[in-house]
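One-letter residues, chain by chain:
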Amino acid sequence: MSSKPMEPGTIGTAAAVAPPAGSGRTAAHAAADAAVAADAAVAADAAPKAPEPAGDGSVYRPEALETMAEARQRWETARARAEERAPFWKRDWTTVSGMEVPHLVTPEQVAGIDPRREIGVPGEFPFTRGIHPTGYRGKLWTMRQFAGFGTAADSNQRFKYLLAQGQTGLSVAFHLPTLYGYDSDHKMSTGEVGKCGVAVDSLADMETLFEGIPLGEVTTSMTINSTAPVLFAMYLAVAEKQGVDIARQVSGTLQNDILKEYIAQKEYIYPPRPSMRLITDQFAFAARHVPRWNTISISGYHIREAGSTALQELAFTLRDGMEYVQYGVDAGLPIDEFAPRLSFFFNSHNDFFEEIAKFRAARRIWATVMRERYGATTERSWMLRFHTQTAGCSLTAQQPINNVVRTTVQALAAVLGGTQSLHTNALDETLALPTEANARTALRTQQILAHESGVVNSVDPLGGSYLVEEMTQHMVEGTLDYFRRIDELGGMVEAIEAGFPQREIMDAAFAYQRAFEEREKLIVGLNAFQVDGEAPIDILYIADDLAERQIASLESVKRRRDSGAVARTLDALRRGAAGSDNTMPLILDCVRAYCTVGEISDALREVFGTYEEPAVF
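Residues numbered from 1 in each chain as written. Predicted model: local features only at pLDDT ≥ 70, side-chain atom pairs only at ≥ 80, totals over all residues. Heavy atoms only, no water.

S.K.: Which parts of the structure should I look at to understand the sheet that holds strand S7 (residues 296–299)?
M.R.: Within a sheet, each strand pairs with its neighbour through backbone hydrogen bonds, oriented either parallel or antiparallel. Across the sheet, which stays open at both edges, the 5 strands sit in the order S1-S10-S9-S8-S7 with parallel pairing between neighbours. Edge positions in the sheet fall to strand S1 (142–143) and S7, since each of these pairs with one other strand and no more. Taken together, the 2 bridges between S1 and strand S10 (residues 421–423) define a ladder with parallel strand orientation. Directly across from methionine 143, in S10, lies its bridge partner leucine 422. Sitting on the sheet, helix H18 (residues 402–416) is in contact with strand S8 (342–348), strand S9 (386–390) and S10, with an inclination near 165 degrees to S9. (Pairing = 2+ DSSP bridges. Helix = DSSP H or I, 4+ residues; strand = E, 2+ residues; numbered from the N terminus. Contact = heavy atoms within 4.5 Å. Axes fitted to C-alpha atoms, helices over the stretch in contact; angles between N-to-C directions.)

Below, the structure is given as structure tokens:
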């Protein structure tokens, strides 16, 4: 037996009961429906009218709000008496970020939120409730587990394993030398080869990394920033060698967010302005030649990992995005040509409702800014699409099995917040790169949420929650205040040069550390509920001879390649970078000649110089 309650606004109307088109209906059926609809219209005209919503767009009747306010006052009195009899068991009722959480939110507190303009419905501006009308009923989020270690061959095996386990997209972690533009044989690479990601020195490594993986059928995300144009070019060159139609079949995402490097992660090479030039070059190149590629994933993840609050993560990430848009427009790119390929990357931390509110606010703010500040005219330019990774900084080496629980809560917040793709951290990632078994458990966490929890059945199950809407509004207002302060400094590049976001994050990280040390914030297994004598867990070890093998492979590539082509393409890149040419075709030529990451980066260093961050106190 099933029960199907009628939805508001559909009771007694023909539209509520009309069968779908193509269901064997005849002209007589249509005529009968028309008669029923006419009768319903007459009855509706004669029926008492529902009260008009409040002038501010509220769905609540003023008298109902007054009654609710009176009820809330009674509750406040009762709550105060209860607190006297049984004092609260802790002092701190703030979020992970330190935001005060109200004891209770009632309708009169959110009555000023316009449900049509500020909340809306899924798939419509301002997309607070999601960018797709059908949510996850139409398509699940992409399960994109971050992976990469050792040699390209090692990571290729892990990719194939994860795909066989049901992963639906690839995400590449590169080792530190590649991130900083050094080859594996450089002195700065000593001790780091293949340790925190896969070693990629030349196109030969990229060919091995994706051997047997059809790049026309999978989407790939690459976490790479300063050397993003080089790795992007390598990926395209591999696709060419596979015979893939780059314009029609290649899709994926580059992180390519250099502003957050200056703010938080610090893996930069060149000064901000030439770095921004490289990014706008990629915008223009991809829009014309690789239209399905997302040329940037504007990242709040690392801002949060550096110690920011959720609000700071949201505000600085979106303001970084606005800076990229402005630089693209200033470079003469039509906004609706490149804006649809911008994407975002957020952290999902432990505070469940704060994270959901952050994601909802992000969509609403971005849609409004793109339409009203930058004049974008297409819905795809207004839509904020984002990848989420659970919070690495929340994981503990103590009682690491607890990390599975933390990751589940964080992943659930990302899903209820409407993410388009998701990485769930493995339980051992605070100790080492994940083992196969732990990587599988992290993937299974997503699969259980998708197929067993039921949370995907509704497009936006928390929409309309008084608490969620109140917290979303708080996020919106706080973000707009940060925008104002950054605009007063002249923009995000100028704010970074002045050290503004760096100081804000530093202060937030200090406040959180103090709350932890004073046990106002408890972390299970770390400053509360500790155990002694924990047994160690198995972790992934990188072979001691890895660097020697990688360097030998690099030397072999250098012996086999055409040295004349290497010299010509690098010289052309230097001239183009010193002028106004788009650098992407020039970098692609270098890659095809098997120039290395370090050689290409050094050529650009000669032209652009390197960046040294000023001291921030």
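Moving on from the coordinates now.
S.K.: What is the right way to read the sheet that holds strand S6 (residues 293–294) from this model?
M.R.: The sheet built from 5 strands is open, its strands ordered S2-S3-S4-S5-S6 with parallel pairing. Here the strands that pair on one side only, and so sit at the sheet edges, are strand S2 (146–147) and S6. Sheet topology note: the S2/strand S3 (residues 170–173) ladder contains 2 bridges and is parallel. Within the sheet, the bridge partner assigned to alanine 147 lies in S3 and is valine 172. Helix-sheet contacts for helix H6 (residues 152–164) involve S2 and S3, and the interaxial angle to S3 is about 150 degrees.

S.K.: Is there a simple way to explain the side chain of serine 275 in this structure?
M.R.: If you trace the backbone, serine 275 turns up in helix H12 (residues 272–289). One polar contact links the side chain of serine 275 to the main-chain carbonyl oxygen of proline 271, over a distance of 2.9 Å. In contact with serine 275, other than residues within four places in its own chain, are Ile258, Tyr262 and Tyr270. (Polar contact = N/O pair within 3.5 Å; in protein donor to acceptor, adjacent residues only side chain to side chain.)

S.K.: Got a minute to help me understand the nonpolar core in this structure?
M.R.: As a rule of thumb, soluble globular proteins bury nonpolar side chains together. One finds Trp141, Leu318, Tyr324, Phe346, Trp366 and Met370 to be the most contacted residues of the largest nonpolar core, which totals 77 residues. The element that contributes the greatest number of residues to this core is helix H16 (residues 352–373), accounting for 10 residues. Ignoring any residue separated from it by four or fewer positions in sequence, one finds tryptophan 366 in contact with Leu318, Gly321, Met322, Val325, Leu342, Phe344, Ser381, Trp382, Met383 and Leu384. Ala147, Leu170, Leu254 and Ala439 belong to the second-largest nonpolar core, a separate cluster that totals 61 residues. (Core = buried A, V, L, I, M, F, W, Y, C linked by side-chain atoms within 4.5 Å. Buried < 20%, exposed > 50% of the residue type's maximum accessible area, 1.4 Å probe, protein only.)

S.K.: I'm lost on the pattern of salt bridges in this one. Help?
M.R.: Between side chains of opposite charge, pairing is possible as soon as their charged atoms come close. Tallied over the entire structure, the rule returns 39 salt bridges. A salt bridge links arginine 364 to glutamate 118; the nearest nitrogen and oxygen atoms lie 3.6 Å apart. Note that arginine 364 is positioned in helix H16 and glutamate 118 in helix H5 (residues 115–119), a separation of 246 residues in sequence. The exposure class assigned to arginine 364 is buried, which follows from its relative accessible area of 8%. Its salt-bridge partner being aspartate 589, residue arginine 592 comes within 3.3 Å of it at the nearest N-O pair. Linking arginine 592 with aspartate 589, this pair stays in helix H25 (residues 583–592), spanning 3 residues, or about one helical turn. Look at arginine 592 and you get partly exposed, because its relative accessible area is 39%. Residue aspartate 589 is classed as partly exposed on the basis of its relative accessible area of 35%. Each member of the salt-bridge network shares a partner with another, and the members are Asp481, Arg484, Arg485, Glu488 and Glu504. (Salt bridge = Lys/Arg side-chain N within 4 Å of Asp/Glu carboxyl O.)

S.K.: Looking at this structure, I do not really get the packing of H6 against helix H19 (residues 436–451). What am I missing?
M.R.: Look at H6 against H19: their axes get within 11 Å of each other, and the N-to-C directions meet at 40 degrees. As H6 runs across H19, the sense of the crossing is right-handed. For the pair formed by H6 and H19, the contact residues are Arg158, Tyr161 and Leu162 on the first element and Glu436, Ala439, Arg440 and Leu443 on the second. (Left-handed = near helix turned anticlockwise from the far one by under 90°.)

S.K.: Hey, could you run me through the packing of helix H24 (residues 563–578) against H25 in this one?
M.R.: If you want to describe how two helices pack, look at the angle between their axes and the distance between the axes. It is the contact of H24 with H25, at a shortest axis distance of 9 Å, that shows an interaxial angle of 165 degrees. Accordingly, the angle class assigned to the pair H24 and H25 is roughly antiparallel. Classified by chirality, the crossing of H25 by H24 is left-handed. On the side of H24, the interface is formed by Thr569, Leu570, Ala572, Leu573, Gly576 and Ala577, while H25 contributes Thr583, Leu586, Ile587, Asp589 and Cys590. Partitioning the contact of H24 with H25 into residue classes produces 7 nonpolar, 3 polar and 1 charged. (Parallel < 35°, antiparallel > 145°, perpendicular 65-115°, else oblique. Nonpolar A, V, L, I, M, F, W, Y, C, P; charged D, E, K, R; others polar.)

S.K.: So what exactly am I meant to see when it comes to H18 here?
M.R.: For an α-helix, the turn length of 3.6 residues means that residues three or four places apart are oriented alike. Look at H18: 22 Å from first C-alpha to last across 15 residues, which is about the 21 Å you get at 1.5 Å a residue. Asn402, Asn403, Arg406, Thr407, Gln410, Ala411, Ala413, Ala414, Val415 and Leu416 are the residues of H18 that are buried. (Expected span 1.5 Å × (residues − 1).)

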